[in-house]
Amino acid sequence: MIIWGMSKNGHDWSVAIFKDNNLGNRFKLVNTISGKGSRHTPECIDEAKKNGKPDLVIWYENPYLKSIRQFIAGQKHPFKRNNIKRYLRDLNINCKWKYVGHHESHAAAFYNSGFKDATIVVLDSIGEFDCTSIWKAKDGKLKKIKSTKYPHSIGLFYSAMTDRIGLKPQQDEAVFEKMSRSYTPFSQLVVQMENDIIKQWDPLPKFRVNFHRGARQMWWDSGKKEIASASRTIFESLVTKVLIHAKEITDSRNIVLSGGVAFNKSVPNIASKIFDNIYIPPNPSDSGSAEGAVLAYLNNG
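Residues numbered from 1 in each chain as written. Predicted model: local features only at pLDDT ≥ 70, side-chain atom pairs only at ≥ 80, totals over all residues. Heavy atoms only, no water.

**Q** Give a description of the packing of helix α7 (residues 173-180) against helix α9 (residues 224-249) that names residues and reports values.
**A** Running from N to C, α7 and α9 point in directions that differ by 95 degrees, and their axes come no closer than 8 Å. Judged by the inter-axis angle, α7 sits roughly perpendicular to α9. Residue-level inspection shows F176, M179 and S180 of α7 in contact with α9, the latter providing K224, K225, A228, S229, S231 and R232. (Axes fitted to C-alpha atoms, helices over the stretch in contact; angles between N-to-C directions. Helix = DSSP H or I, 4+ residues; strand = E, 2+ residues; numbered from the N terminus. Parallel < 35°, antiparallel > 145°, perpendicular 65-115°, else oblique. Contact = heavy atoms within 4.5 Å.)

Given below as structure tokens:
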């Protein structure tokens, strides 16, 4: 049997190909094909089929919940955009398909961690509705303990601040981080920004602002480096709050960090002060969720 995990968002896509051992009970990742763009290309599907046509596709998120969230947010054509049956048919993929939750796909990075148990924290822009989630992994199973819902997103905050200083979100975050470290912010701006945007810190942070709509009109009297540095200070405080709370409500000394926010260099440094052992997958973003979707389906279904 051949199972494909598939993921796509507005900027990249991936296919993870699993094959069983002909006994029908042990699957192994044999290939991963990824690329840039808003959808899988026919060429990538042809390349994936060289490993054999899929018997089952596992989609990396719940398209029905995502459509509802996009509808509520006022985004155009959400149900058409998330018609996975048609999407697969257009790519000449005619097998059965199932889905797992977006953050469950991220959390399934646990299965590659080597840990027997772990606290899992997913720090994302947006899943279906979850933006930050805390999970517990034990005895080979994942259990979601707590989450914050859209629009309370640390990932969207960081992207909005990247956009605020004229850089491109989902692309220039590394440039933003470098710029943020070249300047020491005035504490007054940090306090002002926190008062403007933070609704609550505990038990998990929530925002006054929907950063999905950006923040271009905020803090016009401050310079780009100052905003970048203040934003990094706030970002690190937000992540610290989440990880401390995750440690409080779970009983593991191990942590798995996933979601696009886990790419930030500050995140493992913060985690190392709270947990003994850290695992971050090579690709913690949605592109890595193609593999995670299958791992979640096989181990946590």
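**Q** Talk me through helix α11 (residues 289-300); I want residue IDs and the actual numbers.
**A** Each α-helix turn comprises 3.6 residues. Residues three or four places apart therefore point the same way. Of the positions making up α11, those classed as buried are S289, A290, G292, A293, V294, L295, A296 and N300. For α11, the secondary structure elements touched by its buried residues are β1 (2-8), β2 (12-20), β4 (56-59), α5 (102-107) and β8 (141-149). (Buried < 20%, exposed > 50% of the residue type's maximum accessible area, 1.4 Å probe, protein only.)

**Q** So what's going on with the nonpolar core? Residues and values would help.
**A** Residues V121, F157, M161, F211 and L243 are the most contacted members of the largest nonpolar core, which totals 46 residues. Considering each element in turn, this core owes the most residues, 10 residues, to α9. L243 has contacts with V121, I255, L257, I270, A271, I274 and F275, leaving out every residue within four places of it along the chain. In terms of nonpolar packing, the next biggest core, distinct from the first, is built from 44 residues, W13, W59, Y87 and I120 among them. (Core = buried A, V, L, I, M, F, W, Y, C linked by side-chain atoms within 4.5 Å.)

**Q** Pulling in residues and values, what's your account of the sheet that holds strand β11 (residues 254-258)?
**A** Sheet architecture is open: five strands sit in the order β8-β7-β6-β11-β12, paired in mixed fashion. Only two strands of the sheet have a single neighbouring strand rather than two, namely β8 and β12 (277-279). Across this sheet, the average inter-strand angle for adjacent strands is 20 degrees, counted without regard to direction. Examined bridge by bridge, strand β6 (residues 117-123) and strand β7 (residues 130-138) share seven bridges and lie antiparallel to one another. When the sheet's bridge partners are listed, D117 is paired in β7 with K138. (Pairing = 2+ DSSP bridges.)

**Q** Please give an account of α7 that cites residues and values.
**A** When we look at burial in α7, the residues that qualify are E173, F176, E177 and S180. Along α7, the residues classed as buried sweep out an arc of 100 degrees about the axis, all on the same side. With respect to the buried face of α7, the exposed residues turned more than 90 degrees away are A174 and K178. Those residues of α7 that are buried are in contact with α6 (154-164), α9 and α10 (266-272). (Arc of directions from axis to C-beta.)

**Q** Explain the packing of aromatic side chains to me, using residue names and the numbers behind them.
**A** A complete count under the given rule lists 10 aromatic pairs for this structure. Each ring, one from F207 and one from F211, has its centre 5.4 Å from the other, and the planes form 85 degrees; the classification is edge-to-face. F207 gets classed as buried once you look at its relative accessible area, which sits at 3%. Since its relative accessible area comes to 3%, F211 is described here as buried. Following the ring pairs from residue to residue traces out a cluster consisting of W59, Y60 and Y87. The residue whose ring lies beneath K8 is Y87, and the NZ or CZ to ring-centre distance is 5.0 Å. In this structure, K247 packs its charged tip against the face of F275, placed 5.3 Å from the ring centre. (Phe/Tyr/Trp six-rings, centres within 6.5 Å; stacked < 30°, edge-to-face > 60°. Lys NZ or Arg CZ within 6 Å of the ring centre and 35° of its normal.)

**Q** Give me the lowdown on the layout of surface pockets, citing residues and values where you can.
**A** Considering only enclosed or pocket space, the second largest pocket measures out at about 210 Å³ in volume. P281, N283, G288, S289 and E291 are, among the 22 residues lining the second largest pocket, the residues nearest its centre. Going through the elements one at a time, β2, β3 (27-36), α5 and α11 are the ones with two or more residues in the lining of the second largest pocket. Of the residues forming the lining of the second largest pocket, the biggest block, five residues, is contributed by α11. Class assignment for the residues of the lining of the second largest pocket results in eight nonpolar, 13 polar and one charged. (1 Å grid on protein atoms, 1.4 Å probe; cavity = no way out; pocket = protein on both sides within 12 Å on 5 of 7 lines; lining within 4 Å. Points joined across faces, edges and corners; volume = space filled by probe spheres on them. Nonpolar A, V, L, I, M, F, W, Y, C, P; charged D, E, K, R; others polar.)

**Q** Would you mind going over the environment of A296 in detail, with residue names and values included?
**A** Following the sequence through the fold, A296 ends up in helix α11. Separated by 154 residues in the primary sequence, A296 and L142 have C-alpha atoms spaced 8.4 Å apart.

Read these as layout, nothing more, since geometry by itself doesn't imply function.
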